[in-house]
Amino acid sequence: MQSIQQMIETVLNDVQPVVLAMVFQVKGSAYRKEGTWMLIQEDGARIGVISGGCLENDLHNRAIEMFNTGKVEIVHYDLSAEDDLGWGRGAGCNGVISVFVRDIDNDFRHFLTLMHKQFLAMQPVLFIQSISEFDNYAFLNVSKNCLDHWQGEIPFELDAFTPFQNKVGQKSKDDEDEMMYFQLIWPRPALYIIGAGVDARPLARLAGNVGYAVHLFDSRSALCNEIHFPTAVSFQVGDTEKLIDNISLSPLDSVVIMTHDFQLDAKLMHRLRAHQLLYLGILGSKKRTERLLGEEIPNWIHSPIGLSIGADGPEEIAVSIVAELIAVRRGGIS
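In this text, all values refer to a predicted model and were calculated from it rather than measured experimentally.

Asker: Even after reading the chapter, I still don't get the confidence of the model for the chain, so can you show me in this structure?
Answerer: If pLDDT is low for a region, its predicted coordinates should not be looked at in detail. Across the chain, the average pLDDT comes to 86, with 84% of residues at 70 or higher. The low-confidence segment residues 160-164, where pLDDT is below 50, has 14 contacts with residues more than four positions distant or belonging to other chains.

Following this line, the structure appears as structure tokens:
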């Protein structure tokens, strides 16, 4: 599943016509939530999903009629019907989904270019879209500057949000009937995996599948390479301690240590504790981590790593780690 940043990169790197479908309201229950994006390209490719397969074909048919037109429309899908007469086709999802469908023209492509620059700077943006005036959209950056061509006052401020909080909603403009959709969008999350052993491979693959930009660190070039980690974004080979010191880690970053080297882990933990990170986890038992720290494990260090699901073997352990990464990123656990 691609992140919104990856979807924007797809649009900017491919000149073919593309339509954006964006869920801006859900009444009741649905497969995906407000803030879900999906791209439909002219060559038939679909990036992302809006539903469990109920709506994609209809959206694709609408997109065919919209390519290169600059058109925008709102589509409402009632998935609450329990028979085959409604969009639910017997699924009984009990929800009504409202989708904003837009042909990405040159103006909106330029808008996405500006937004993408903020993500490359690891800065979130607050996207704002008028529900009634389709050409009225903008975003706020961390400096609370309004970028692009919003008409009128901006009734929002981009304050300090919890990292990766999925902030979406609607708000009236100056007590008028016009409704505005807003969505806080965070940059693509980064995961730094220290140790490129066999057990790191399923972790890198699964993390990449859920949208992480995965970076590998190891002293062994025979292991730390794209052959073993085809979905990784970068490879750092050499003295791991020095390599970590050269990385500008941010509070949005996650780090997993899995070197299987006690002395090296102790040195890495000493360095990494000085950084404010979204997630720091280390492979190994609780007793091992206490020994290398020389004290009880602080509650912000995840050890044993991963959610407690009885995982056994590299694949299952990778599932437990990725589940914990998602839970921390979504604010489910600290």
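Let us keep going from here.
Asker: Where do I start with the pairing of strand 6 (residues 125-130) in this structure?
Answerer: In regular strands, side chains alternate between the two faces of the sheet. In terms of residue burial, strand 6 counts as a mostly covered element, since six of its six residues are buried. Burial along strand 6 is two-sided: the residues Val-125, Phe-127 and Gln-129 and Leu-126, Ile-128 and Ser-130 are all buried. Note that strand 6 and strand 10 (residues 179-185) share six bridges and pair antiparallel. Residue pairing for strand 10: Gln-129 is matched across the bridge by Tyr-181. As defined by bridge partners, strand 6 adjoins strand 7 (residues 137-140) across four bridges and the pair is classed as antiparallel.

Asker: Looking at this model, I keep getting lost on the environment of Thr-10. Mind explaining?
Answerer: Here Thr-10 shows up in helix 1 (residues 4-13). Thr-10 sits in the buried class, given a relative accessible area of 19%. Taking the C-alpha atoms as reference points, Thr-10 and Leu-39, 29 residues apart in sequence, are found 9.1 Å from one another. Leave out the neighbours within four places in its chain, and Thr-10 touches Gln-2, Leu-39, Gln-41 and Ile-47.

Asker: Hey, could you run me through the pairing of strand 14 (residues 253-257) in this one?
Answerer: The element strand 14 is largely enclosed, with a buried count of five among its five residues. Direction of pairing for strand 11 (residues 190-194) relative to strand 14: parallel, over a ladder of five bridges. Across the sheet, residue Tyr-192 finds its bridge partner in strand 14, namely Val-255. Summarising the sheet, strand 14 and strand 15 (residues 279-282) pair through four bridges and their orientation is parallel.

Asker: Sorry if this is basic, but what is going on with the packing of aromatic side chains here?
Answerer: Given two aromatic rings, one states the distance between the centres and the angle between the planes to describe the pair. Within this structure, the stated rule accounts for ten aromatic pairs. Ring geometry for Phe-24 versus Phe-100: centroids 6.4 Å apart, planes at 80°, classification edge-to-face. With Phe-24 in strand 1 (residues 18-28) and Phe-100 in strand 5 (residues 95-103), the pair connects residues that are 76 residues apart, well separated along the chain. Exposure remark for Phe-100: the relative accessible area of 2% places this residue in the buried category. Ring centres 6.4 Å apart and planes at 70° place the aromatic pair Phe-24 and Tyr-181 in the edge-to-face group. Linking Phe-24 in strand 1 with Tyr-181 in strand 10, this pair joins segments that are 157 residues apart in sequence.

Asker: Help me understand the pattern of salt bridges, please; the structure alone is not making it clear to me.
Answerer: Counted under the stated rule, the structure contains eight salt bridges. Where Asp-58 meets Arg-62, a salt bridge forms, and the shortest distance between an N and an O atom there is 2.8 Å. Of this pair, Asp-58 and Arg-62 both sit in helix 2 (residues 56-64), separated by four residues, roughly a single helical turn. When the shortest N-O distance is used, the salt bridge between Asp-218 and Arg-220 registers 2.8 Å. For Asp-218, a relative accessible area of 4% gives the class buried. Connected through salt bridges with shared partners, the residues Asp-58, Arg-62 and Glu-73 form a single ionic network.

Asker: How should I be thinking about unusual backbone geometry in this particular structure?
Answerer: Note: most residues except glycine have negative phi, and most peptide bonds are trans. Here Ser-303 and Pro-304 are connected by a cis peptide whose omega angle stands at 0°. Its place among the elements puts Pro-304 in the loop between strand 16 (301-302) and helix 8 (313-329). Unlike most non-glycine residues, Asn-68 shows phi in positive territory, near 65°. Note on placement: Asn-68 falls in the loop between helix 2 and strand 4 (72-78). Of note in the backbone geometry, Met-122 takes a positive phi value of approximately 55° without being a glycine. Mapped onto the elements of the fold, Met-122 is located in the loop between helix 3 (106-120) and strand 6.

Asker: What is the right way to read the environment of Ala-318 from this model?
Answerer: Considering the arrangement of structural elements, one finds Ala-318 in helix 8. In the structure, Ala-318 is positioned 112 residues away from Leu-206 in sequence and 7.3 Å away in space, judged by C-alpha atoms.

Asker: For this particular structure, what's the right way to read the sheet that holds strand 3 (residues 46-47)?
Answerer: Pairing between the strands of a sheet comes from backbone hydrogen bonds, and it takes one of two forms, parallel or antiparallel. Taken in spatial order, the five strands make up an open sheet running 3-2-1-5-4, and their pairing is antiparallel. Of all strands in the sheet, those bounded by a partner on one side alone are strand 3 and strand 4. Looking at chain direction, strand 1 and strand 5 are connected through nine bridges and run antiparallel. The partner of Val-23 across the bridge, within strand 5, is Val-99.

Asker: How should I be thinking about a nonpolar patch on the surface in this particular structure?
Answerer: On the surface, Leu-307, Ile-309 and Val-319 cluster together to form a nonpolar patch covering roughly 240 Å² of accessible area. Its place among the elements puts Val-319 in helix 8. Residue classification places Val-319 among the partly exposed residues on the basis of a relative accessible area of 42%.

Rules behind the numbers
Residues numbered from 1 in each chain as written. Predicted model: local features only at pLDDT ≥ 70, side-chain atom pairs only at ≥ 80, totals over all residues. Heavy atoms only, no water. pLDDT = per-residue confidence, 0-100. Contact = heavy atoms within 4.5 Å. Buried < 20%, exposed > 50% of the residue type's maximum accessible area, 1.4 Å probe, protein only. Helix = DSSP H or I, 4+ residues; strand = E, 2+ residues; numbered from the N terminus. Pairing = 2+ DSSP bridges. Phe/Tyr/Trp six-rings, centres within 6.5 Å; stacked < 30°, edge-to-face > 60°. Salt bridge = Lys/Arg side-chain N within 4 Å of Asp/Glu carboxyl O. Patch = residues over 30% accessible without salt bridge, like charges linked within 9 Å, V, L, I, M, F, W, Y side chains within 5 Å. Areas by Shrake-Rupley, 256 points an atom, 1.4 Å probe, with all protein chains shown as cover.

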